[in-house]
Amino acid sequence: MSFYVTTPIYYVNDRPHLGHAYTTVLADFLARSHRLQGEDTWFLTGTDEHGQKVQDAAARNGVDPEAHCDRMVVHFQDLWKELGVAHDDFIRTTEERHVRVVQAVLSDLRERDEIYLGTYTGWYCVSDERFWTEKDLQDGNCPDCGRPATQIEEQNYFFRMGRHRDWLAGYIQEHPDFIRPETRRNEVLGFLRQDLGDLCISRPAERITWGIPLPFDERYVTYVWFDALLNYVSAIGYGSDGESFQDRWSSAFHLIGKDIVTTHCVYWPIMLRAMGLEPPRHILAHGWWLVGGAKMSKSRGEVVDPLGLARRYGADAFRYFVLREMVVGNDAAFTQELFDARYRADLANDLGNLESRSLSMVQRYTGGVLPEPFAGEGDVLRDCWNAVRADLPGLLHEVKINRMLERIWDFVRAANRFVEDSRPWDLAKSEDSHRRLGGVLYSLCEALRLIAVALEPAIPGTSAEILRRLGYDPAADSAAGRTDWGRLKPEARVEKGPPLFPKDVP
Ligand code: MSP
């Protein structure tokens, strides 16, 4: 089984914010989860470096676009590193491997008359770099960003998109899990009930220079979306590496925000069809992070800085918060209070306390050596774990990530309750209950190990540290075996360490 997951490639007109970080962390979570199941996983992210937005940003900064991109891409790459994002590849659309593919696709489509020269008259939004029809406009303004639209007429190249409308509508009908969630699928089907025009895929070089030149007419550069969408195939060797390309492409999973549904669910499948390729297997659109009730974005004001949060609370606290707080598909609010509350309750208290009290008791009562299990002691925890474990694959399949974390926390809380109920401090008072005490401590450490294994995709750094303290090497166990109860070996050395999630953050 293979699993190929992508994020949108981000514009390098500005630094990454919470919205970008969310999509990338979610993709990382999915990639890690599938990898843990033993699937052949490939995770791609990258940057969208051409077009008006980037050209304008470079001009504002007084540097040429290339230098601007080279400077800005580092912010994305560094942030992913700081957030523990383990992508397999990072594509920049200015790379030769990408430009070559875009130009080859354009030439091929032009030769086959899928692209033609025509006249365009329309309302254009400079900020969003897209044309709107008159009825789309709201009081003469762009319906998306609210800035004034200007009417322009020009000769341009068009991609024959309209003629594939019925095919696409049929395909979506026949493949219920192609576009998720349901609301987005219905939105796209609604969109396809209207006339679907052809897509203007060129921009005159006199207006925009920062783009991929059309191979058959140098007076034009490629429309940035036509260029950008192709990253999903150029990065995995389309046109050069047949076998590995086919293998990856057949399992493609695009993760996007709901703001870019039309480009991904309409333009892209039709482009692929014209190229003779299958649509991606799944497209999943998540909602927005809201700040003060509105979509958080630079043009609208306040943005949340993921790097600041990760430095203050730790990368894993950031990852946990976004994965736990957003129901994939819906919008979610970001506030500092919500972040603090989750950090305190779930991480510092529930998980942090369980870890520190369990490992302290092993130090105190058995000198840091893992004791033997004891018949019956901890069965309740084992049963609870087996129930939680059974639910996780289904939730992953449905991308109900918040529910997965909730289920794992049911187990974290069960382990804390087990400490209260079994009262190890009382068992330690008498020699007679020594073996029972050992059994309690063994079960606690085993519960902690399973929690760490299950949480690897969400909080990889913390997970690795817990396993290290427990003296457990996950690589030494099979993927399936790792989640079985009872893998810790008695006599192993257990180490204590500083709090995983300190209660006092700076
Ligand atoms: N460059 C295009 C995508 C091309 S993909 C072939 C683009 N880039 S972007 O930098 O604007 O980032 C878009 C993505 O960032 C959104 O689809 C979404 O994944 C994420 N988000 C940006 N703001 C967001 C929120 N406020 N909330 C959640 N995610 C949002 O569009």
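This text follows the structure it describes.
Conventions adopted
- Residues numbered from 1 in each chain as written.
- Predicted model: local features only at pLDDT ≥ 70, side-chain atom pairs only at ≥ 80, totals over all residues.
- Heavy atoms only, no water.
- Phe/Tyr/Trp six-rings, centres within 6.5 Å; stacked < 30°, edge-to-face > 60°.
- Buried < 20%, exposed > 50% of the residue type's maximum accessible area, 1.4 Å probe, protein only.
- Lys NZ or Arg CZ within 6 Å of the ring centre and 35° of its normal.
- 1 Å grid on protein atoms, 1.4 Å probe; cavity = no way out; pocket = protein on both sides within 12 Å on 5 of 7 lines; lining within 4 Å.
- Points joined across faces, edges and corners; volume = space filled by probe spheres on them.
- Nonpolar A, V, L, I, M, F, W, Y, C, P; charged D, E, K, R; others polar.
- Pairing = 2+ DSSP bridges.
- Helix = DSSP H or I, 4+ residues; strand = E, 2+ residues; numbered from the N terminus.
- Near = heavy atom within 4 Å.
- Polar contact = N/O pair within 3.5 Å; in protein donor to acceptor, adjacent residues only side chain to side chain.
- Areas by Shrake-Rupley, 256 points an atom, 1.4 Å probe, with all protein chains shown as cover.
- Disulfide = S-S within 2.5 Å.
- Contact = heavy atoms within 4.5 Å.
- Expected span 1.5 Å × (residues − 1).
- Salt bridge = Lys/Arg side-chain N within 4 Å of Asp/Glu carboxyl O.
- Axes fitted to C-alpha atoms, helices over the stretch in contact; angles between N-to-C directions.
- Parallel < 35°, antiparallel > 145°, perpendicular 65-115°, else oblique.
- Patch = residues over 30% accessible without salt bridge, like charges linked within 9 Å, V, L, I, M, F, W, Y side chains within 5 Å.
- Lys, Arg positive; Asp, Glu negative; His and termini not counted.
- Charge placed at Lys NZ, Arg CZ, Asp CG, Glu CD.

## Points about the packing of aromatic side chains
Between two aromatic rings, the relevant description is the distance of the centres plus the angle of the planes.
Here is step 1: Scanning the entire structure with this criterion turns up 25 aromatic pairs.
Here is step 2: For the ring pair Tyr171 and Phe178, a centre distance of 5.2 Å and an interplane angle of 90 degrees mean the geometry is edge-to-face. Grouping residues by exposure puts Tyr171 and Phe178 together as buried.
Here is step 3: Members of the aromatic cluster, each reached through a chain of ring pairs, are Tyr22, Trp289, Tyr313, Phe321, Phe334, Phe339, Tyr343 and Phe501.
Here is step 4: We note Arg248 situated over the ring of Trp42; from NZ or CZ to the ring centre the distance is 3.9 Å.

## Observations regarding empty space enclosed by the protein
Here is step 1: On inspection of all chains with the given rule, the structure shows one cavity of 30 Å³ or more.
Here is step 2: Space inside the largest cavity adds up to approximately 30 Å³.
Here is step 3: Lining the largest cavity, in full, are Gly51, Glu129, Arg203, Ile208, Trp210, Gly211, Val221, Thr222, Tyr223 and Val224.
Here is step 4: Partitioning the lining of the largest cavity into residue classes produces five nonpolar, three polar and two charged.

## Here we look at the sheet that holds strand E10 (residues 202-204)
Here is step 1: In spatial order, the strands read E10-E12-E11; together these three strands make up an open sheet with antiparallel pairing. Edge positions in the open sheet fall to E10 and strand E11 (213-214), since each of these has one partner strand only.
Here is step 2: By the bridge criterion, three bridges tie E10 to strand E12 (residues 217-222) in an arrangement that is antiparallel. The residue of E12 that forms the bridge with Ser202 is Thr222.

## Here's the deal with the site of the ligand
Here is step 1: As a matter of local geometry, the ligand sits amid 24 residues, with Ile9, Thr23, Asp48, Trp289 and Met296 nearest to it.
Here is step 2: Measuring from an oxygen atom of the ligand, one finds a side-chain N or O atom of Thr23 at 2.8 Å.
Here is step 3: One of the side-chain nitrogen or oxygen atoms of His286 is found 3.5 Å away from an oxygen atom of the ligand.
Here is step 4: Relative to its unbound accessible area of 670 Å², the ligand is 94% covered by the protein chains.
Here is step 5: For the shell around the ligand, the secondary structure elements donating two or more residues are strand E2 (10-11), helix H1 (18-36), helix H7 (224-229) and helix H8 (231-234).
Here is step 6: Considered class by class, the residues forming the shell around the ligand number twelve nonpolar, nine polar and three charged.

## Regarding the state of the cysteines
Here is step 1: Counted under the stated rule, the structure contains zero disulfides.
Here is step 2: Here Cys200 stays unpaired: no disulfide links it, and the sulfur of Cys125, its closest cysteine neighbor, is 15 Å away.
Here is step 3: The class for Cys200 is buried, based on a relative accessible area of 6%.
Here is step 4: Cys142 supplies the cysteine sulfur nearest to Cys265, a cysteine that is in no disulfide, at a spacing of 20 Å.
Here is step 5: Exposure remark for Cys265: the relative accessible area of 1% places this residue in the buried category.

## Observations concerning the environment of Ala454
Here is step 1: Turning to its location among the elements, Ala454 is positioned in helix H17 (residues 434-455).
Here is step 2: With 421 residues separating them in the primary sequence, Ala454 and Ser33 have C-alpha atoms 8.9 Å apart.
Here is step 3: In this view, Ala454 contacts Trp385 and Ile408; residues no more than four positions away in its chain are not counted.

## Observations regarding the pairing of E12
Here is step 1: In this sheet, E12 lies alongside E11 in antiparallel orientation, the contact comprising two bridges. Note on E12: the bridge partner recorded for Pro213 is Val221.
Here is step 2: Counted between consecutive antiparallel strands, the loop separating E11 from E12 contains two residues.

## Digging into the sheet that holds strand E6 (residues 130-132)
Here is step 1: In space, the four strands of this open sheet follow the order E6-E5-E7-E9, with antiparallel pairing throughout. Whereas interior strands pair on both sides, the edge strands pair on one side only; in this sheet they are E6 and strand E9 (199-200).
Here is step 2: Pairing geometry for strand E5 (residues 115-125) and E6, over three bridges, is antiparallel. Bridged to Cys125 within E6 is Arg130.

## Quick notes on helix H15 (residues 401-422)
Here is step 1: A rise of 1.5 Å per residue sets the reference length of H15, with its 22 residues, at 32 Å; its end C-alpha atoms lie 32 Å apart and thus fit the reference within 8%.
Here is step 2: At the C-terminal side of H15, Arg423 shows a positive phi close to 45 degrees.

## Thoughts on the pattern of salt bridges
Here is step 1: With the rule as written, the count across this model stands at 42 salt bridges.
Here is step 2: A salt bridge links Lys295 to Asp259; the nearest nitrogen and oxygen atoms lie 3.2 Å apart. A residue pair is termed long-range when its members are at least 10 positions apart, and Lys295 in strand E16 (residues 294-295) and Asp259 in the loop between strand E13 (252-257) and helix H10 (261-275) qualify at 36 residues.
Here is step 3: Here Asp259 falls in the partly exposed class, since its relative accessible area comes to 43%.
Here is step 4: Within the structure, one salt-bridge network assembled from shared partners comprises Glu355, Glu465, Arg468, Arg469 and Glu495.

## Looking at the pairing of strand E4 (residues 89-92)
Here is step 1: Residues Asp89 and Ile91 point to one face of E4 and Phe90 and Arg92 to the other, with burial holding for every one of them.
Here is step 2: By the bridge criterion, four bridges tie strand E3 (residues 40-48) to E4 in an arrangement that is parallel. Residue Leu44 lies in a different strand from E4, and its bridge partner there is Asp89.

## A few points about the packing of helix H12 (residues 315-325) against H15
Here is step 1: Orientation of H12 relative to H15, taken along the N-to-C sense of each, is 110 degrees, at an axis distance of 7 Å. By the criterion of interaxial angle, the relationship of H12 to H15 is roughly perpendicular. Side by side, H12 and H15 meet where Tyr320, Leu323 and Arg324 of the first sit next to Ile401, Asn402, Leu405, Glu406 and Trp409 of the second.
Here is step 2: Class assignment of the residues belonging to the contact of H12 with H15 gives a composition of five nonpolar, one polar and two charged.

## Some words on the side chain of Asp28
Here is step 1: Take Asp28: it is sitting in helix H1.
Here is step 2: Its relative accessible area of 0% is what places Asp28 among the buried residues.
Here is step 3: Excluding anything up to four places from it in sequence, Asp28 contacts Phe43, Gly84, Val85, Ala86 and Arg319.

## Focus: a negative patch on the surface
Here is step 1: Together, Asp40, Asp241, Glu243 and Asp247 line one region of the surface with negative charge.
Here is step 2: Looking at where Glu243 falls in the secondary structure, it is placed in helix H9 (residues 242-249).

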